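Each chain, letter by letter, is given below.
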Amino acid sequence: MVAIITGDIINSDRYAASEWMGILKPYLELQGETPMDWEIYRGDEFQIRTTPERALKMAIRIKALIKSLNKLDVRMGIGLGSETFVGASVSQSNGQAYQRSGRIFETLKEQKLNLAIVTGDDDRDETLNLMLKLALNFMDDWSTVSAQMVSLSLEKPNVSQQEVADQLNIKQSAVSQRLKRARMDLVLDLMAYYERNLKHIKE
């Protein structure tokens, strides 16, 4: 079982591509090799191949990275399933995960949604997507400061608030306030819920 994330940058025309590319590309380079594991194509679209365990965290991290630029956001469809053909690049490969990711991604704009997932388990998908929809209520509204804080927290989950404060040259109380505003507690709850459900989906 693999996970495929298909996405595009919302409002990409408001910035030079080099600005958001300069944030997204270095992150993707840490996740694997291009074009086998990830690709950016047609200007502002991308596709990433990863493990089901890492998919949601990766999607949320990408959202936080992109939203650290004012007025930018990202739309992503996550598909889980089999991989039946491995091509020369991720966009040329195929299987259930690719098809599910592509199909759900194509519906997002019409649904006015920025993140959805298809695992092949309809009941769990319904619950997961309802939770994602509720989480997007605040995630879509992250300020650039909140987005930066979420990204940093996901990158270094074991670092203390004081260490983050020292790194950013702000007070520890400011770090705590930013995490509260970003609803980081709910983001972590969502990821934990996804991981618990994943065990049943993979069985």
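Every value quoted in this text rests on a predicted model; they were computed, and no experiment measured them.

(A) Seen up close, unusual backbone geometry. Each neighbour pair has its own omega, and for Thr 34 with Pro 35 the value is 10 degrees, a cis peptide bond. Its place among the elements puts Pro 35 in the loop between helix H1 (17-31) and strand E2 (38-41). Even without being glycine, Lys 71 reaches a positive phi, approximately 75 degrees. When you line up the elements, Lys 71 lands in the loop between helix H2 (52-67) and strand E4 (73-81).

(B) Inspection of the nonpolar core at higher detail. Among the nonpolar cores identified, the biggest contains 56 residues, and Phe 46, Leu 56, Ile 60, Ile 62, Ile 78 and Trp 142 are the most heavily contacted of them. By residue number, the principal contributor to this core is H2, which donates 9 residues. Beyond its immediate chain neighbours, meaning those up to four positions away, Ile 60 contacts Met 139, Trp 142, Leu 154, Val 187, Leu 190 and Met 191. In terms of nonpolar packing, the next biggest core, distinct from the first, is built from 5 residues, Val 2, Ile 4, Ala 97 and Tyr 98 among them.

(C) Broad picture of the side chain of Glu 45. Turning to its location among the elements, Glu 45 is positioned in strand E3 (residues 45-50). Among the polar contacts listed, one links the side chain of Glu 45 to the side chain of Arg 42, at a separation of 2.9 Å. Residues in contact with Glu 45, not counting those within four places in the same chain, are Gly 7, Asp 8, Glu 39 and Ile 40.

(D) Quick look at the layout of surface pockets. Of the voids in this model, the largest pocket is the one considered here, and its volume is about 210 Å³. The wall of the largest pocket is formed by 15 residues, among which Ser 153, Leu 154, Lys 156, Pro 157 and Val 159 lie closest to the centre. Those elements that provide at least two residues to the lining of the largest pocket are helix H5 (144-155), helix H6 (161-168), helix H7 (172-181) and helix H8 (184-202).

(E) The arrangement of the pairing of E2 in detail. Two strands pair when backbone bridges link them, and E2 and E3 are joined in this way by 4 bridges, in the antiparallel orientation. Its bridge partner being in E3, Trp 38 is matched across the sheet by Ile 48. Linkage of E2 to E3, two consecutive antiparallel strands, is achieved through a turn of 3 residues, within which Arg 42 is found at a positive phi near 45 degrees.

(F) Examining the side chain of Ser 89 more closely. Examined against the element boundaries, Ser 89 turns out to sit in the loop between E4 and helix H3 (96-111). At 3.4 Å, the side chain of Ser 89 forms a polar contact with the side chain of Glu 39. Those residues in contact with Ser 89 that lie beyond four places of it in its chain are Pro 35, Met 36 and Glu 39.

(G) Layout of the sheet that holds E3. Pairing in this open sheet of 5 strands is mixed, and the strands run E2-E3-E1-E4-E5 from one edge to the other. A single partner strand is all that each edge strand has here, and the edge strands are E2 and strand E5 (115-118). For this sheet, the mean inter-axis angle between neighbouring strands, taken without regard to orientation, is 10 degrees. Inspection of the sheet shows strand E1 (residues 2-10) paired to E4 by 9 bridges, in the antiparallel sense. The residue bridging Gly 7 from the neighbouring strand is Met 76, located in E4. The strands touched by H2 are E1, E3, E4 and E5; relative to E4, the strand with the most contacts, the crossing angle is about 175 degrees.

(H) Summary view of the packing of aromatic side chains. Under the defined criterion, the tally for this structure stands at 0 aromatic pairs. One Lys or Arg, Arg 183, reaches over the ring of Phe 138 and ends 6.0 Å from the middle of that ring.

(I) Seen up close, the packing of H2 against helix H4 (residues 122-139). Put simply, H2 and H4 touch, their axes get as near as 13 Å, and they point 20 degrees apart. As the angle between them shows, H2 and H4 are arranged roughly parallel. For the crossing formed where H2 meets H4, the hand is right-handed. Side by side, H2 and H4 meet where Leu 56, Ile 60, Lys 63 and Lys 67 of the first sit next to Leu 132, Leu 136 and Met 139 of the second.

What counts as what
Residues numbered from 1 in each chain as written. Predicted model: local features only at pLDDT ≥ 70, side-chain atom pairs only at ≥ 80, totals over all residues. Heavy atoms only, no water. Helix = DSSP H or I, 4+ residues; strand = E, 2+ residues; numbered from the N terminus. Core = buried A, V, L, I, M, F, W, Y, C linked by side-chain atoms within 4.5 Å. Buried < 20%, exposed > 50% of the residue type's maximum accessible area, 1.4 Å probe, protein only. Contact = heavy atoms within 4.5 Å. Polar contact = N/O pair within 3.5 Å; in protein donor to acceptor, adjacent residues only side chain to side chain. 1 Å grid on protein atoms, 1.4 Å probe; cavity = no way out; pocket = protein on both sides within 12 Å on 5 of 7 lines; lining within 4 Å. Points joined across faces, edges and corners; volume = space filled by probe spheres on them. Pairing = 2+ DSSP bridges. Axes fitted to C-alpha atoms, helices over the stretch in contact; angles between N-to-C directions. Phe/Tyr/Trp six-rings, centres within 6.5 Å; stacked < 30°, edge-to-face > 60°. Lys NZ or Arg CZ within 6 Å of the ring centre and 35° of its normal. Parallel < 35°, antiparallel > 145°, perpendicular 65-115°, else oblique. Left-handed = near helix turned anticlockwise from the far one by under 90°.

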